[in-house]
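Observations on chain architecture
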Amino acid sequence: DSPRTWLRWGGPALIAAGLLASARPQLWVLYNIQHYTLTTNQEDRTSVPAMLQAKDRAGLKTVLELPVVSWAEQPAVRNFDPYAHQLPYIYDRPGSPTRWSYGANEKQPWFYIVQFEASVPAHVDSGARLLGFDGVLIAKAAYDAPELAKLQAAILAGGACRLYEDDRRALYGLNGGRC
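This write-up is about the structure you can find in this document.

**What about the pattern of salt bridges?**
Any two side chains of opposite charge can pair, on the condition that their charged atoms come close. Evaluation of the coordinates by the stated rule reveals eleven salt bridges. Salt bridges linked by common partners bring Glu43, Asp44, Arg168 and Arg169 together as one network.

Below is the structure:
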């Protein structure tokens, strides 16, 4: 409302310039998030189908996904987004008989039973077999190197066989004969 022309035009121009300048760091954050998501999705588009082929060759029907995380809306476990547990189900062929363990919730007793059986690396394979699982899928991003090595060694020591492994995940068969 100022009678001065420079103030009437300059004031809003300065405010707009300030808003744009303050938004610039946020634009880079959005770019980095988009780049990470696209890169991760691209890696999953090759990794998950290859893992599913190994699962089908072995005839797995019920797969325990590690880490055991309550569904839904849970924070990341190290570098692992719990929503990634649904990818094998999403990418699997229509009508697949395979059941994945990603869908448990803390309000269900089954969640605590599975979480307890998977809590001690040395007993993961026997606990999974006891609960009726014939496979274990490990999301590697959820574990640091020593934990992952201990978990994988324990599963293999229990008589499981490695069906598939890459940088993102490892699939083990617990049914012994079809490795």
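**Topic: the sheet that holds strand β1 (residues 62-66)**
By way of backbone hydrogen bonds, the strands of a sheet pair with one another, either parallel or antiparallel. Spatially, five strands are ordered β2-β1-β3-β5-β4 in an open sheet, and the strand pairing comes out mixed. A strand with exactly one partner marks an edge of an open sheet, and here the two such strands are β2 (99-100) and β4 (161-165). Where β4 meets strand β5 (residues 169-173), four bridges bridge the pair, whose relative direction is antiparallel. Following the sheet pairing, Arg162 is matched in β5 by Tyr172. Lying over the sheet, helix α5 (residues 145-157) contacts β1, β3 (135-139), β4 and β5, oriented at roughly 170 degrees with respect to β3.

**A look at the environment of Phe111**
Within the secondary structure, Phe111 sits in helix α3 (residues 109-117). Along the chain, Phe111 and Val68 lie 43 residues apart, while their C-alpha atoms are 8.2 Å from each other. In contact with Phe111, other than residues within four places in its own chain, are Val68, Val69, Ser70, Ala104, Asn105 and Glu106.

**A word on the side chain of Asp92**
Position of Asp92 among the secondary structure elements: in the loop between α2 (87-91) and β2. Looking at Asp92, the relative accessible area reads 10%, which means it is buried. Once residues lying within four places of it in the same chain are set aside, the contact partners of Asp92 are Leu52, Lys55, Asp56, Thr98 and Trp100.

Calculation rules
- Residues numbered from 1 in each chain as written.
- Predicted model: local features only at pLDDT ≥ 70, side-chain atom pairs only at ≥ 80, totals over all residues.
- Heavy atoms only, no water.
- Salt bridge = Lys/Arg side-chain N within 4 Å of Asp/Glu carboxyl O.
- Pairing = 2+ DSSP bridges.
- Helix = DSSP H or I, 4+ residues; strand = E, 2+ residues; numbered from the N terminus.
- Contact = heavy atoms within 4.5 Å.
- Axes fitted to C-alpha atoms, helices over the stretch in contact; angles between N-to-C directions.
- Buried < 20%, exposed > 50% of the residue type's maximum accessible area, 1.4 Å probe, protein only.

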